[in-house]
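Coordinate analysis (summary)
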Amino acid sequence: MSGKVIDVNGQPIPGATIIVKGTSTGAVTNFDGVYNIKTNGSSTIVVSYIGFETIEIPVNNKQTINVQLKEDISLLDEVVVIGYGTQKRSDVTGAVTRANLDAFKEAPNANVVQSLQGTVPGLNIGQVTSAGSTPSIEIRGQVTLGGSKDVLIILDGIQYNGSLSSINSNDIESIDVLKDVSSTAVYGAQAANGVILITTKGGKRNQKAKVNMTSSYTTLEPTVDLRPMERGEYIDYLNRQLYEFEFTEESGYTVPNPAYEGYFGNNSGANFNPKLESLDNPGTFNNNDYDWWDQGTQGGFIQENLLSVSGASESISYLVSLGLTEQEGFVKNDNFSRRSMRVNLDADATDWWKIGIQTFGSFVKKDGDQPDLYQLVIAAPLFTPYDENGNLVATPSGSLDTNPFLGSNTQDYERHDYFFANMYSEMQLPFIKGLSYRLNFGNNYRVDKAYGASIYGAGETGDAGKEVKFYRDYTLDNILKYNRVFGKHDVSATLLYGALERQFELTNAYASGFDRLSLGYNDLGVGSIPKISSEAYTETLNYQMARVNYKFDNRYILTGTIRRDGFSAFAENEKTAYFPSGALGWIVSNESFLENADWINSLKARVSYGISGNQTKRYSSLARIGTRASYVFGDGSSTAFGQELNSLANPDLRWEKTKGLNVGVDFSMLSNRIRGSVDTYRNITDDLLFAVRIPYLTGFDEIQTNVGTIKNTGIEISITGDIIRTEDFTWTTTANFSRNKNVILALTGEDADGDGEEDDLIQSNLFIGKSINAIFDYENDGIVQIGEENVVGGFNPGEYKVVDQNGDGEITQADDRTFLGTKDPDFRASLLNTFKYKNLSFSFFFNTIQGGDDSYIAKNDNALYRDANTLHRNVLSGIDYWSPQNPNGLNALSSSRPGITPGRYENRSFVRLQDVNLRYSFNKSVLESLSIEDLSIFVSAKNLATWTKWRGWDPEVQDPSKNLYGSGLSAGGRPVLKGLSVGINLTF
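Residues numbered from 1 in each chain as written. Predicted model: local features only at pLDDT ≥ 70, side-chain atom pairs only at ≥ 80, totals over all residues. Heavy atoms only, no water.

**Here we look at the overall build of the protein chain**
Secondary structure assignment for the protein chain yields seven helices and 48 strands. Here the C-alpha radius of gyration of the protein chain, 33 Å, is about what a compact globule of 988 residues would show, namely 30 Å. The dimensions of the protein chain, computed from C-alpha atoms along their principal axes, are 110 × 70 × 65 Å. Split into buried and exposed, the 988 residues of the protein chain put 49% on the buried side. Here the contacts in the protein chain between residues at least 6 apart in sequence split such that 67% fall between residues at least 24 apart. (Helix = DSSP H or I, 4+ residues; strand = E, 2+ residues; numbered from the N terminus. Rg over C-alpha atoms; globule rule 2.2 N^0.38 Å. Buried < 20%, exposed > 50% of the residue type's maximum accessible area, 1.4 Å probe, protein only. Contact = heavy atoms within 4.5 Å.)

Quick look at the structure:
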């Protein structure tokens, strides 16, 4: 018997499976959708294809049966992208998860990675606090010390080393995350930190041209309303720093001192700032009330306008898209603009040869320097930024604290141009049935330009510079695939031979000492002190990979992979390495003992084991030479520059290797109303890349080498349930949970103190048996109160006390530090609820990160030790400082700085209402008369509410110690933004 399988558009479906029900007899359609199968007249055939509804057809003695399959939207996600190919979800033996992009496609995100935050168990995405930036990305925790911590990004099958902010999120069809070592091992030495596979959209065959337009506008503002003190609060704050003068000692500094003359009084003992005085009435504060914060910040927004055209004939499919994204952040001049264009083409050159290209260009503009946020906070309202002539004052307070607007009153030109193309050719080879060959050639090219000029630079002598970077790479992959079904035996194999080369060059021209800067950075020759620098590198990688997938009787699955990598950056004696992996799958639901278990739709058990690698930084194994000014020959002679070794060679520097075991279960039950997966894993990384300290008599203080072992364990759970599923109304819930723990098993192997145990690396904060992120510090014992005596360590009132760990009556660095906990969270979880009633849909998404008593903690200390600077610096309003009148205050306030300061740690746990979306789709019957295929309007929100005990901006930052109320702002802390968006989506 024979026939043809087509879709609703009449297009042939190659690769559809036809099975005689109740037997192991089967066939697969060819490139034209044609099949041939042996049956008897009373048989029933089962026809299935990924993404389409499975149907059963009685043969009834027919010799020809043509089949038309309908798309099944609920099954479209059953195809996932794996390394160098795709696979049915039911056949996947590793931990591979597809992100739910549809639920967050209308969220107000300028970067697609923001849409993944909390949606995939084991994938940890950080927060974004500046316009157009890419958040931190981590998969299954940290597995290295000194090696690369970057997740490998694969875009349309090609490694992508550009910024993810360059990609138009509307162009993306799917994102798949490879988490376990057996899945990532196909990428060898670059995959220790996990892999994200991004696939872009294309046209569907025999589809008329479809035009899609999306437009949205989002308002942005901080999730937490913190701002510096205004005039009245600030003056009170200044006086209260001088509590020992403002209040009487006899009262314990709680009763006002009638003799106190204020901040400028002669008996205050303060090193006051004369610029705070009134010129008309010396000894009193001036009348200024300048709002630095308001002048340096703004209401942010995101505006997106996206257009795409897609379609296909019988032999050609295409997608062309344009995108414009504009974003302004909270701080003035925090600007981001992206203009992008994409062309994806796919064509059948013959009935056995397919060619195509996926290409895009993205042009990012980030002009403008921002005012320093820390300086905006500490600038007192009694100072003003301008003099009487309207010129910026370099140091308004007369101290070393500079005017925050010096950094923003500049010429600044910053552009990033990205070009990407993947050209491919795929042939069905005629001499062996099921054999195909694919050639991928990918090319990345990037140009980064940063030009700047400031009349305030170089000590107000003026400076200017131009820096240009060029990056380019190519990837060449030769992929041979074989796929056949022999009765009960389903065999597929993939062979890969590829090469990759990266090139980079940088040129920097800088000058200072300008008489005038009228031409800015376009006339650097006018500067009296020039400085020119340049650098470049080339690195190459070649690799081979073989993978075999075998499935027997649709029940037992075996996957085996081995990859060989060679990398130019590794040592002379260790240029190559091998990365094997294997996995087993058991489709339990297809066993006869579950034949009558109708409540189980599918049940699959998986176990995998493999080895992936991690690369070192280029040149790490080499003895590198540096140039510096070394000699001056004779009086008045110019400096002679010499060269010297600045690192030791290590010809035996090896790859890091991560050995990973993953055990998982995938399930679906109750007519697919409940479905999900559970994974547990254990990864052990050996030969850690780390700079080990060596005796300085060698002339060097460290050498890059391989030491130590880290263990990483965890569990991941994802469950989706259709709570209500009727014709008009559905309610679907997805819950995710993940937990990850790491521990250092070994370090250098040395026992210098002779105690019989391997030594910790205390200076590097690395301890055997502890987490990589363990916190080893002094334990805070509260604040010394007025009248408190015999305080261990001799701390004064207003200062933090330190717990005497060994009870010797002294506080010392060697004996009184202890383990306070870890920065790692205890667990992460999320909950997505989606409701659909006829044309209306509503969804909300909760995300949470939780720590126990000693986990997910970070320093959040705003101690104030009074000196000449604090007596004219502002702080953020609302900080709970200790004082005699506020003995329960959390933060130290003292007139002296002790030699040991323990700091104060807080738990970062939070629950966040992260995403909310409301969409209305107009009736199809109404739209058809207008020749419109789809029209919807939506309202969405981001970071609407956060429940946390963390004090300050936001707990969910990469390093909260850089995100304090006040002083930590100098290290990059800034608020997380919440957004409210409205938009329209039109397709015709």
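Next comes the rest of the description.
**Section: helix H2 (residues 231–240)**
If you check which residues of H2 are buried, you get Tyr234, Ile235, Tyr237, Leu238 and Asn239. Along its buried surface, H2 packs onto helix H3 (243–246) and strand E43 (864–865).

**Some points on the environment of Val120**
Following the sequence through the fold, Val120 ends up in the loop between strand E10 (96–98) and strand E11 (123–125). Considered as a pair, Val120 and Ser718 are 598 residues apart in the sequence and their alpha carbons are 8.2 Å apart. Those residues in contact with Val120, other than ones at most four positions away along the chain, are Thr97, Ala99, Val177, Lys179 and Asn736.

**Points about the packing of aromatic side chains**
This model, assessed by the stated rule, comprises 38 aromatic pairs. Between the aromatic rings of Phe776 and Phe819, the centroid separation amounts to 4.9 Å while the plane-to-plane angle is 50°, which identifies the pairing as tilted. Linking Phe776 in strand E36 (residues 774–778) with Phe819 in strand E39 (residues 817–822), this pair joins segments that are 43 residues apart in sequence. Judged by relative accessible area, which is 17%, Phe776 ranks as buried. Classification of Phe819 as partly exposed rests on a relative accessible area of 33%. Ring centres of Phe835 and Phe842 lie 6.5 Å apart, and the angle between their planes is 20°; this geometry places the pair in the stacked category. Classification of Phe842 by relative accessible area gives partly exposed; the value is 32%. Each member of the aromatic cluster is reached from another via a ring pair, and the members are Trp731, Phe835, Phe842, Phe844, Phe846 and Trp947. When the ring centre of Tyr424 is taken as reference, the NZ or CZ atom of Arg438 above it lies at 4.1 Å. One residue, Arg912, lies across the ring of Phe910, its end atom 4.9 Å from the ring centre. (Phe/Tyr/Trp six-rings, centres within 6.5 Å; stacked < 30°, edge-to-face > 60°. Lys NZ or Arg CZ within 6 Å of the ring centre and 35° of its normal.)

**Quick look at the environment of Lys657**
When you line up the elements, Lys657 lands in strand E32 (residues 656–669). In this structure Lys657 touches Ala577, Tyr578, Phe579, Ile611, Ser612, Ile684, Thr685 and Asp686, once residues within four positions along its chain are discounted.

**Re the sheet that holds strand E16 (residues 195–200)**
Here we have five strands laid out as an open sheet, ordered E10-E15-E16-E13-E14, and mixed in their pairing. In this open sheet, the two strands that pair with only one neighbour each are E10 and strand E14 (158–159). Alignment of strand E15 (residues 172–178) against E16, held across six bridges, turns out to be antiparallel. Bridging from a neighbouring strand, Asp176 pairs with Leu197 of E16. (Pairing = 2+ DSSP bridges.)

**Describing unusual backbone geometry**
Positioned with a positive phi, Arg140 is a non-glycine residue whose angle comes to about 55°. With respect to the element layout, Arg140 can be found in the loop between strand E12 (137–139) and strand E13 (152–155). For Arg140, a relative accessible area of 3% gives the class buried.

**What to know about the side chain of Glu106**
Mapping Glu106 onto the fold places it in the loop between E10 and E11. A distance of 3.0 Å separates polar atoms of two side chains, one belonging to Glu106 and the other to Arg919. Excluding residues that lie within four positions of it along the chain, Glu106 makes contacts with Asn917, Arg919, Phe938 and Ser940. (Polar contact = N/O pair within 3.5 Å; in protein donor to acceptor, adjacent residues only side chain to side chain.)

**Observations concerning the nonpolar core**
As a rule of thumb, soluble globular proteins bury nonpolar side chains together. Core analysis: the largest hydrophobic core is formed by 49 residues, its most contacted members being Tyr234, Tyr263, Leu276 and Phe285. Only H2, helix H4 (292–296), helix H5 (373–378) and E43 provide two or more residues apiece to this core. Those residues within four positions of Leu276 in sequence are excluded, and the remaining contacts are Tyr234, Leu238, Tyr263, Phe264, Thr284, Phe285, Asn286, Leu382, Phe383, Leu871 and His872. (Core = buried A, V, L, I, M, F, W, Y, C linked by side-chain atoms within 4.5 Å.)

**Looking at the sheet that holds strand E1 (residues 2–6)**
A sheet is described by the order of its strands in space; here three strands give the open sequence E4-E1-E7, paired in mixed fashion. Two strands close off the open sheet at either side, each with one partner strand: strand E4 (34–36) and strand E7 (67–68). Pairing geometry for E1 and E4, over three bridges, is antiparallel. Its bridge partner lying in E4, Ser2 is registered against Asn36.

**Focus on the pairing of strand E24 (residues 463–486)**
Bridge count between strand E23 (residues 435–454) and E24: 20 bridges; the pairing is antiparallel. Each residue of the ladder has a partner; that of Ser454, found in E24, is Asp463. Taking the residues between adjacent antiparallel strands as the criterion, E24 and strand E25 (residues 489–512) are bridged by two residues, where Gly487 takes a positive phi near 65°.

**What about the pattern of salt bridges?**
Throughout the structure, instances matching the rule amount to 44 salt bridges. Note that Lys659 and Asp686 form a salt bridge whose closest N and O atoms lie 3.8 Å from each other. You can see Lys659 sitting in strand E32 and its partner Asp686 sitting in strand E33 (residues 674–693), a full 27 residues away along the chain. The network of salt bridges with common partners includes Lys604, Arg606, Asp666 and Asp679. (Salt bridge = Lys/Arg side-chain N within 4 Å of Asp/Glu carboxyl O.)

**What to know about the confidence of the model for the protein chain**
Looking at the protein chain as a whole, its pLDDT mean stands at 89, while 93% of the residues score no less than 70. Every residue in residues 962–972 scores below 50 in pLDDT, and together they form 36 contacts with partners more than four places removed in sequence or on other chains. (pLDDT = per-residue confidence, 0-100.)

**Some details on a negative patch on the surface**
Together, Asp751, Asp753, Asp755, Glu757 and Asp760 make up a negatively charged patch on the protein surface. Along the polypeptide, Asp751 turns up in the loop between strand E35 (729–746) and E36. (Patch = residues over 30% accessible without salt bridge, like charges linked within 9 Å, V, L, I, M, F, W, Y side chains within 5 Å. Areas by Shrake-Rupley, 256 points an atom, 1.4 Å probe, with all protein chains shown as cover. Lys, Arg positive; Asp, Glu negative; His and termini not counted. Charge placed at Lys NZ, Arg CZ, Asp CG, Glu CD.)

**Let's talk about the pairing of strand E2 (residues 17–20)**
Direction of pairing for E2 relative to strand E3 (residues 26–28): antiparallel, over a ladder of three bridges. Bridge pairing in E3 places Ile18 opposite Ala27. Two successive antiparallel strands, E2 and E3, enclose a turn made up of five residues, where Gly22 displays a positive phi of approximately 85°. In this sheet, strand E5 (residues 44–48) lies alongside E2 in antiparallel orientation, the contact comprising four bridges. In the strand pairing of E5, Ile18 is matched with Val47.

**A word on the side chain of Arg563**
Position of Arg563 relative to the elements: it lies in strand E27 (residues 556–567). A relative accessible area of 1% places Arg563 in the buried class. At a separation of 2.7 Å, a polar atom in the side chain of Arg563 contacts the side chain of Asp565.

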